[in-house]
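Residues per chain are reported as follows:
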Amino acid sequence: MLSMLNRVNVIRSSVSSIPRYYSTVKPDIKLLKALRQETEISMSKAKEALVKNNNDYAKALEWLSNDAQVSGAKKAQKVAGRTASEGLITTATLEVPPVNGFKSKSTLIELNCETDFVSRNDVFKSLASRIAATSLLLHDTPQQSKRLIESISVDHLLNAPLMPHPEQKEVDLNNIGKTVNENILEIIGKLGENISLRRAAIVSEGVSACYIHGGDANNGKIGGIAVIQPKKVNTEMDDKVFATLTKAARQVARQVVGFNPTYLNSEDIPEAERATQTNIDEFEEAQVLNKQKYLLKPNLTIADYVNQTAIEAGMEDGAHVTDFIRWEVGEGIEKKDNDFADEVLNAVRGN
């Protein structure tokens, strides 16, 4: 018993003889408040950043950015295998100087996460909006494609500098120059879920508009783009005609989201599928966008509505819908049955 006590006393004596080093720097209260407001980090992390950088605000911000990148990358490795089938469909639209009579660009992106709870987080929404803006500004020239709505390379987008949203009034100077992927890693570190950019598409010709369902004007669970073009090539449009067709394109995009057509025109239906239909007229009315009844005026088809609207706006030769897409969050992603149980276990374990 005495020998054990002697060993304990020796250990205590040894520990007490080790010199202790304490930082004499105390975090500046005003800087601490400003740092937390700007970065939305915890009190302890804000204190650590200021203390380690002798209350140099700029260096503290840089330290936090690097720390977030490292912790985000570590977290991303842990959650990489989890299924991310929730998230947002996000849009951005930009009016551009007229080129060959075209004045607008529209884009859709899908950013996935693990839970609906995170998809409603403002940090996640902001990230999705900025990625949509980046895809909008990244794509300068149309590719040689039969479709007006083109896919954007996800890898290309991930490696591009993340842009502010076109409607964003204040720019975060700390994130300038960071790529989309680097920002995703930081948000993974903050929110603790697997986050992935799944797809992106853009239209830079014709008059286009987007419609989002299940959220706000720019972020939701289902999104669609519709493109309208004059029937006569190189028809010039004044502001009134452009505004009218943009409104019509939005109504068509709304129709696309609500009625989920499969084809644009009747001739797009494969012959093998056409041969299996017992009533081709009913099938076309349900599955062909231009033959669907317009939601607000059932006496008109979508084709009739767009053409009539263009003529009434002063476009003598009329206009027609030339392309569309409809995306739904998580469509085609197989969600594992044990995902929810895994989420609970991971939360308990602090992963």
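Definitions and limits used
Residues numbered from 1 in each chain as written. Predicted model: local features only at pLDDT ≥ 70, side-chain atom pairs only at ≥ 80, totals over all residues. Heavy atoms only, no water. Helix = DSSP H or I, 4+ residues; strand = E, 2+ residues; numbered from the N terminus. Buried < 20%, exposed > 50% of the residue type's maximum accessible area, 1.4 Å probe, protein only. Contact = heavy atoms within 4.5 Å. Pairing = 2+ DSSP bridges. Axes fitted to C-alpha atoms, helices over the stretch in contact; angles between N-to-C directions. pLDDT = per-residue confidence, 0-100. Polar contact = N/O pair within 3.5 Å; in protein donor to acceptor, adjacent residues only side chain to side chain. Expected span 1.5 Å × (residues − 1). Salt bridge = Lys/Arg side-chain N within 4 Å of Asp/Glu carboxyl O. 1 Å grid on protein atoms, 1.4 Å probe; cavity = no way out; pocket = protein on both sides within 12 Å on 5 of 7 lines; lining within 4 Å. Points joined across faces, edges and corners; volume = space filled by probe spheres on them. Nonpolar A, V, L, I, M, F, W, Y, C, P; charged D, E, K, R; others polar. Core = buried A, V, L, I, M, F, W, Y, C linked by side-chain atoms within 4.5 Å.

### Description of the overall build of the protein
- A tally of regular secondary structure across the protein gives 13 helices and 10 strands.
- Out of the 351 residues belonging to the protein, those deemed buried represent 44%.
- Long-range pairs, those at least 24 residues apart, make up 69% of the contacts in the protein between residues at least 6 apart in sequence.

### Regarding the sheet that holds strand 5 (residues 207-213)
- An order of 5-7-10 is seen for the 3 strands of this open sheet, with the pairing classed as antiparallel. Edge positions in the sheet fall to strand 5 and strand 10 (319-328), since each has one partner strand and no second. Strand after strand, the sheet turns through a mean of 15° between neighbouring axes, direction not considered.
- Each of strand 7 (222-230) and strand 10 is contacted by helix 12 (residues 302-312), which is oriented at about 130° to strand 10, the strand it contacts most.

### Topic: the pairing of strand 7
- Of all 9 residues in strand 7, 9 are buried, a share of seventy percent or more.
- Both faces of strand 7 are covered, namely the face carrying I222, G224, A226, I228 and P230 and the face carrying G223, I225, V227 and Q229.
- In the sheet, strand 5 pairs with strand 7 via 7 bridges, with the strands oriented antiparallel. Across the sheet, the residue bridging to A209 is A226, located in strand 7.
- Relative to strand 10, strand 7 runs antiparallel, the two sharing 9 bridges. The residue bridging G224 from the neighbouring strand is R326, located in strand 10.

### Considering the environment of V227
- Here V227 is to be found in strand 7.
- V227 gets classed as buried once you look at its relative accessible area, which sits at 0%.
- In this structure, V227 is in contact with L148, I149, V203, E205, G206, V207, S208, H320, V321, T322 and D323, ignoring residues within four places of it in sequence.

### Side note on the pairing of strand 9 (residues 297-301)
- Here 2 bridges tie strand 8 (residues 293-294) to strand 9, and the two strands are oriented antiparallel to one another. Residue pairing for strand 9: K293 is matched across the bridge by T301.
- Here strand 8 hands over to strand 9 after 2 residues, the two strands then running antiparallel side by side.

### Observations concerning the confidence of the model for the protein
- Chain-level pLDDT for the protein is 83 on average; 79% of the residues reach the 70-or-more range.
- Predicted confidence for residues 14-22 stays below pLDDT 50, and this span has 0 contacts to residues more than four positions away or in other chains.

### Remarks on the side chain of T90
- One can find T90 in strand 1 (residues 86-99).
- T90 gets classed as buried once you look at its relative accessible area, which sits at 0%.
- Of note is the side chain of T90, whose polar atom sits 2.8 Å from the side chain of N219.
- Those residues in contact with T90 that sit more than four places away from it in its chain are T107, L108, I109, A128, S129, A132, N218 and N219.

### Brief notes about helix 8 (residues 180-191)
- Between its first and last C-alpha atoms helix 8 spans 16 Å; for 12 residues at 1.5 Å apiece the expected length is 16 Å, and the two agree.
- When we look at burial in helix 8, the residues that qualify are V180, N183, I184, L185, E186, I187 and I188.
- At the exit of helix 8 stands G192, carrying a positive phi of roughly 75°.

### Focus: the pattern of salt bridges
- Scanning all chains against the criterion turns up 13 salt bridges.
- With a shortest N-O distance of 3.9 Å, E86 and K221 are connected by a salt bridge. Note that E86 is positioned in strand 1 and K221 in the loop between strand 6 (219-220) and strand 7, a separation of 135 residues in sequence.
- E86 sits in the partly exposed class, given a relative accessible area of 26%.
- With its nearest N and O atoms 2.6 Å apart, the salt bridge here joins R147 to D323. Pair noted here: R147 is in the loop between helix 6 (122-138) and strand 3 (149-151) and D323 is in strand 10, with a separation of 176 residues, a long-range link.
- Taken together, the shared-partner salt bridges in this structure form one network comprising E86, D116, R120 and K221.

### A word on empty space enclosed by the protein
- According to the stated counting rule, one finds 1 cavity of 30 Å³ or more in the structure shown.
- A volume near 40 Å³ is recorded for the largest cavity.
- Every residue lining the largest cavity is listed: Q251, R254, Q255, Y294, L295 and L296.
- In terms of residue count, helix 9 (residues 239-259) provides more of the lining of the largest cavity than any other element does, 3 residues in total.
- Considered class by class, the residues forming the lining of the largest cavity number 3 nonpolar, 2 polar and 1 charged.

### Re the nonpolar core
- With 29 residues, the main nonpolar core has I228, L245, V252, L289, V306 and V321 as its most contacted residues.
- When contributions to this core are tallied by element, the ones reaching two or more residues are strand 5, strand 7, helix 9, helix 12 and strand 10.
- Residue contributions to this core peak at 9 residues, all from helix 9.
- For V321, the contacting residues outside a window of four places in its chain are V227, I228, V252, L264, L289, N290, I302 and V306.
- A76, L127, I184 and I202 belong to the second largest nonpolar core, which has 27 residues in total.

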